[in-house]
Amino acid sequence: MKKSIESDIYDLIGVGFGPSNIALAVAIDERSKLQGNLKSLFLDKQSDYSWHGNTLVSQSELQISFLKDLVSLRNPTSPYTFVNYLHTQGRLIDFINLGTFYPCRMEFNDYLRWVAGHFSQSSSYGEEVVSIEPIFKQEKVNELRVVSRDALGNQYEKTARSVVLGSGGTPSIPEEFKGLKDDGRVFHHSQYLQRMLTQPCAKGKSMRIAIVGGGQSAAEAFIDLNDSYPSVQVDMIMRASALKPADSSPFVNEIFSPDFTDVIYNLAPEDREGLVNEYHNTNYSVVDIELIDRIYSIFYRQKVSDLQRHAFHCLTSISSAEATDQGVELSLRNMADGTDSTKQYDLVILATGYKRKHYKKLLAPMAEYLGDFEVGRDYRIKTDERCDAALYMQGFCQSTHGLSDTLLSVLAIRSDEIAESLYTHLIKQQSGEMFSSSILDTVE
Ligand SMILES: Cc1cc2nc3c(=O)[nH]c(=O)nc-3n(C[C@H](O)[C@H](O)[C@H](O)COP(=O)(O)OP(=O)(O)OC[C@H]3O[C@@H](n4cnc5c(N)ncnc54)[C@H](O)[C@@H]3O)c2cc1C
């Protein structure tokens, strides 16, 4: 294992190069023309970029208008709009003929890769950031050490004046399944496509499969298993009493507009949670109504044909999961009548969502300067007076900035709010110093 320490000082290092930080790269690129270049670098642990690549089943669609791409809401004349992407790919007219606001996710993935590709000089793949540490200068934390590793275990240390965390969610594994992490027969939905490739059903062998969860991912996995693997028998297992539709009606959708970020942020902290929870059914444990209709129709046809291929277990909790020679044994409790049963499966797919706490682990060496990780309106973590380096978070601020925070909804606006704050910070920090970038050269 090699350790290399870079001597350059970056104005900004972005952790993760998904939609949040790609949008930031675009916003900085725009500002740089007026405010000067930043020396920035975005690190992503994937060896090659893909947007939730293992979930891109052929039927999956974007759950948000393509007009909420990385830039259009701020600057529809940008070269990085989804419309310009379509134009450069020669598909604009065909897309118009589709008559939809909701492209397939495979296409949106390709759009994100296309935008990211324009920033290859300032991005690096195959590097996982493992910690962010303080660097002292005149008794203050003025810079940050970003420690990363590649797949071979080589370690890299880089120095930055600011860091923007955009590392997304981490698969949430229910307690009952934690002991089965290394059992090849249980996996999280985030690995779906890759893991399905090697299953016996890919060669036509029969399999009993459980999908745990009742949200969009569970529904998408069910449809894909039904359509792509005729030899599988699938049980959907969920605590909810039914698959419930996502509320995407227009008045409710206004909560995803950029202005609503101020509404949430300006509330008293104790009132924010209530308002965020009121709209939980726009995004969490809910399914697109078209998918619900398709799934209902599949079960109805089973009744007509009297061939019971799949089963639907709602109001069902899983009290334990055990690996046996025959399969993965799930102990199920029917929450309606209190009865218990056990079932064996060849495969269990956990469509159990994502946690957003990753930042705490990465920032553990900085903890004493960060208090409760309180975040300002500009997404900058409030640090105490001993810390002058800037840390921003994208995608970890739902409780203060609203439900858009983990989605694509306000990326075009949020990225520029962060870029503006970042320039202000760097100019303030660097005035009177030697600096690596040309920021001050072009600022009045
Ligand atoms: C299956 C799925 C479908 C979705 N569909 C939609 C949708 O249709 N509409 C919508 O608005 N939202 C959707 N979302 C929500 C999703 O969170 C956002 O669309 C978007 O991906 C958020 O972007 P991000 O950059 O913040 O996070 P992510 O897209 O998760 O990107 C984070 C990046 O950081 C990298 N990374 C993580 N940890 C590290 C580390 N330690 N070091 C270096 N790199 C790291 C990852 O490899 C990844 O590339 C979906 C989410 C999922 C899981």
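Values in this document were obtained by computation on a predicted structure and should not be read as measured data. Chains are numbered independently. Their residues run from 1 in the order of the written sequence. Local features are withheld for residues below a pLDDT of 70 in this predicted model, meaning they are given only at 70 or higher, and side-chain atom pairs are given and counted only at 80 or more; totals for whole chains, interfaces and linings count all residues. Excluding hydrogens and water, the side-chain values take into account all heavy atoms of the structure.

Q: Give me the pairing of strand 11 (residues 207–212): which residues, what numbers.
A: For every residue, the accessible area (1.4 Å probe, protein chains only) is compared with the maximum for its type, and the residue is labelled buried under 20%, exposed over 50%, or partly exposed between those bounds. For helices the rule is a DSSP run of H or I covering at least 4 residues; for strands it is a run of E covering at least 2, with both sets numbered from the N terminus onward. Across the six residues that make up strand 11, a large majority, five, are buried. Seen with the strands pointing away from the viewer, any crossover whose path from the first strand over the helix to the second strand runs clockwise is right-handed. In the classification by handedness, the crossover that spans strand 11, the intervening helix 6 (residues 216–228) and the parallel strand 12 (residues 232–237) is right-handed. Strand pairing is assigned whenever DSSP detects at least two bridges linking the two strands. Here strand 11 pairs with strand 17 (residues 347–350) via four bridges, running parallel. Residue pairing for strand 17: valine 212 is matched across the bridge by leucine 350.

Q: Just give me the short version of the pattern of salt bridges, but keep the residues and values in it.
A: Any carboxyl oxygen of Asp or Glu that lies within 4 Å of a side-chain nitrogen of Lys or Arg is treated as forming a salt bridge with it. Enumeration according to the criterion identifies 26 salt bridges in this entry. Here arginine 105 ties to glutamate 220 by a salt bridge, and the two come within 3.1 Å at their closest N and O atoms. One end of the pair, arginine 105, is in helix 4 (residues 105–117); the other, glutamate 220, is in helix 6, with 115 residues separating them in the sequence. The two residues arginine 105 and glutamate 220 agree in class, both being buried.

Q: Let's hear about the domain arrangement of the protein: which residues, and what values?
A: Here the bounds of each domain stem from an automatic or database domain assignment. You can read the domains of the protein as domain 1 (3–169 + 356–442) and domain 2 (172–246 + 284–350). Taking only C-alpha atoms into account, the centre of domain 1 sits 35 Å from that of domain 2. Should any heavy atoms of two residues lie within 4.5 Å, those residues are counted as being in contact. Every contact between the two is made by 12 residues of domain 1 and, on the other side, 13 residues of domain 2. In this description, buried area is defined as the sum, over both parts, of the accessible area (probe of 1.4 Å) that is lost when the two are combined. Across the domain 1 to domain 2 interface the summed buried area is about 950 Å²; carbon plus sulfur atoms make up 49%.

Q: How would you summarise unusual backbone geometry if you had to cite specific residues and measurements?
A: Outside of glycine, negative phi angles account for most residues, and trans bonds account for most peptide bonds. With a phi close to 50°, glutamine 138 is a non-glycine residue in the positive phi region. Mapped onto the elements, glutamine 138 comes out in the loop between strand 5 (128–137) and strand 6 (140–149). Even without glycine at this site, leucine 315 takes up a positive phi of about 50°. Assignment of secondary structure puts leucine 315 in the loop between strand 13 (311–313) and strand 14 (316–323). A residue is classified by how much of its surface remains accessible, and leucine 315, at 30% relative accessible area, is partly exposed.

Q: Break down the sheet that holds strand 16 (residues 340–345) for me, citing the residues and quoting the values.
A: Taken in spatial order, the three strands line up as 14-15-16 in an open sheet, and their pairing is antiparallel. For this open sheet the edge positions go to strand 14 and strand 16, each flanked by a neighbour on one side alone. Averaged over neighbouring strand pairs, the angle between their axes works out to 25° when direction is ignored. As paired elements, strand 15 (residues 328–334) and strand 16 share six bridges and run antiparallel to each other. By the bridge assignment for strand 16, leucine 332 is matched with serine 341. To obtain each axis, a line is fitted to C-alpha atoms, and for helices this fit is confined to the stretch in contact; angles are then taken between N-to-C directions over 0 to 180 degrees.

Q: Talk me through the sheet that holds strand 6; I want residue IDs and the actual numbers.
A: The mixed open sheet is built from four strands, whose spatial order is 1-7-6-5. Of all the strands in the sheet, just strand 1 (3–10) and strand 5 have a single pairing partner and so form its edges. Put simply, the sheet's adjacent strands are angled 20° from each other on average, direction ignored. Pairing of strand 6 with strand 7 (residues 155–160) involves six bridges; the strand directions are antiparallel. Of the residues in strand 7, the one forming a bridge with valine 147 is glutamate 157.

Q: Hey, could you go over the nonpolar core for me, with residue numbers and the actual values?
A: Think of a nonpolar core as a cluster: buried Ala, Val, Leu, Ile, Met, Phe, Trp, Tyr and Cys residues, connected wherever their side-chain atoms sit within 4.5 Å. Residues Ile132, Leu165, Leu363 and Met366 are the most contacted members of the largest nonpolar core, which totals 69 residues. The dominant element in this core, judged by the number of residues it contributes, is helix 1 (residues 19–35), at seven residues. Beyond its immediate sequence surroundings of up to four residues, isoleucine 132 is in contact with Val15, Leu144, Arg145, Val163, Leu165, Leu362, Leu363, Pro365, Met366 and Leu391.

Q: Which residues make up the site of the ligand, and what values do they have?
A: Around the ligand, 29 residues are found, and the nearest of them are Ser20, Asp44, Trp51, Gln63 and Val129. Pairing of N or O atoms within 3.5 Å defines a polar contact, subject to two protein rules: one partner must be a possible hydrogen donor and the other a possible acceptor, and residues neighboring in sequence count only if both atoms are side-chain atoms. The contact in question runs from an oxygen atom of the ligand to an N or O atom on the side chain of histidine 52, over 3.1 Å. Accessibility throughout is a Shrake-Rupley quantity obtained with a 1.4 Å probe, and a residue counts as covered only by protein chains that appear here. Burial of the ligand by the protein chains amounts to 91% of its free accessible area of 980 Å². Among the secondary structure elements, those contributing two or more residues to the shell around the ligand are helix 1, strand 3 (40–44) and strand 5. In this count, Pro and Cys sit with the nonpolar residues alongside Ala, Val, Leu, Ile, Met, Phe, Trp and Tyr, while Asp, Glu, Lys and Arg are called charged and the others, Gly among them, polar. Tallied by class, the residues present in the shell around the ligand amount to 11 nonpolar, 12 polar and six charged. Nearness is judged by heavy atoms alone; a residue qualifies as near a molecule or strand once a single heavy atom is within 4 Å of it.

Q: Lay out a nonpolar patch on the surface in plain terms, naming residues and giving numbers.
A: A contiguous nonpolar surface patch, about 350 Å² in accessible area, is contributed by Leu67, Val83, Phe101 and Tyr102. Mapped onto the elements of the fold, valine 83 is located in helix 2 (residues 82–89). Residue valine 83 is classed as partly exposed on the basis of its relative accessible area, which comes to 35%. Residues form patches when they are more than 30% accessible in relative terms and have no salt bridge. Like charges link within 9 Å. Nonpolar side chains (Val, Leu, Ile, Met, Phe, Trp, Tyr) link within 5 Å.

Q: Could you give an account of helix 14 (residues 411–430), naming the residues involved and the relevant values?
A: To estimate the expected span of a helix, count its residues, drop one, and scale the result by 1.5 Å. Taking 1.5 Å of rise per residue, the 20 residues of helix 14 would be expected to cover 28 Å, and the 28 Å separating its terminal C-alpha atoms lies within 8% of that figure. For helix 14, the tally of buried residues reaches 14 of 20 residues, placing the bulk of the element in the interior.

Q: Residues and numbers for the packing of aromatic side chains, please.
A: Stacked, edge-to-face and tilted labels apply to pairs of Phe, Tyr and Trp rings (six-membered ring for Trp) whose centres lie within 6.5 Å, assigned for plane angles under 30 degrees, over 60, and everything in between, in that order. Following the criterion strictly, the structure yields 20 aromatic pairs and no others. The interplanar angle of 40° and the centroid separation of 5.5 Å between the aromatic rings of phenylalanine 66 and phenylalanine 82 together place this pair among those described as tilted. Here the residue phenylalanine 66 occupies a position in the loop between strand 3 and helix 2, and phenylalanine 82 occupies one in helix 2, the gap between them amounting to 16 residues. Take phenylalanine 82: its relative accessible area is 0%, and that puts it in the buried class. Among the aromatic residues, those joined into a ring-pair cluster are Trp51, Phe66, Phe82, Tyr85, Phe95, Phe101, Phe108, Tyr111 and Trp114. Charge-over-ring contacts are defined here by two conditions on Lys NZ or Arg CZ: a distance within 6 Å of the ring centre and an angle within 35 degrees of the ring normal. Positioned above the aromatic ring of tyrosine 265 is the side chain of arginine 272, whose terminal nitrogen or guanidinium carbon lies 5.0 Å from the ring centre. The ring centre of tyrosine 379 lies 5.8 Å from the NZ or CZ of arginine 414, which sits over that ring.

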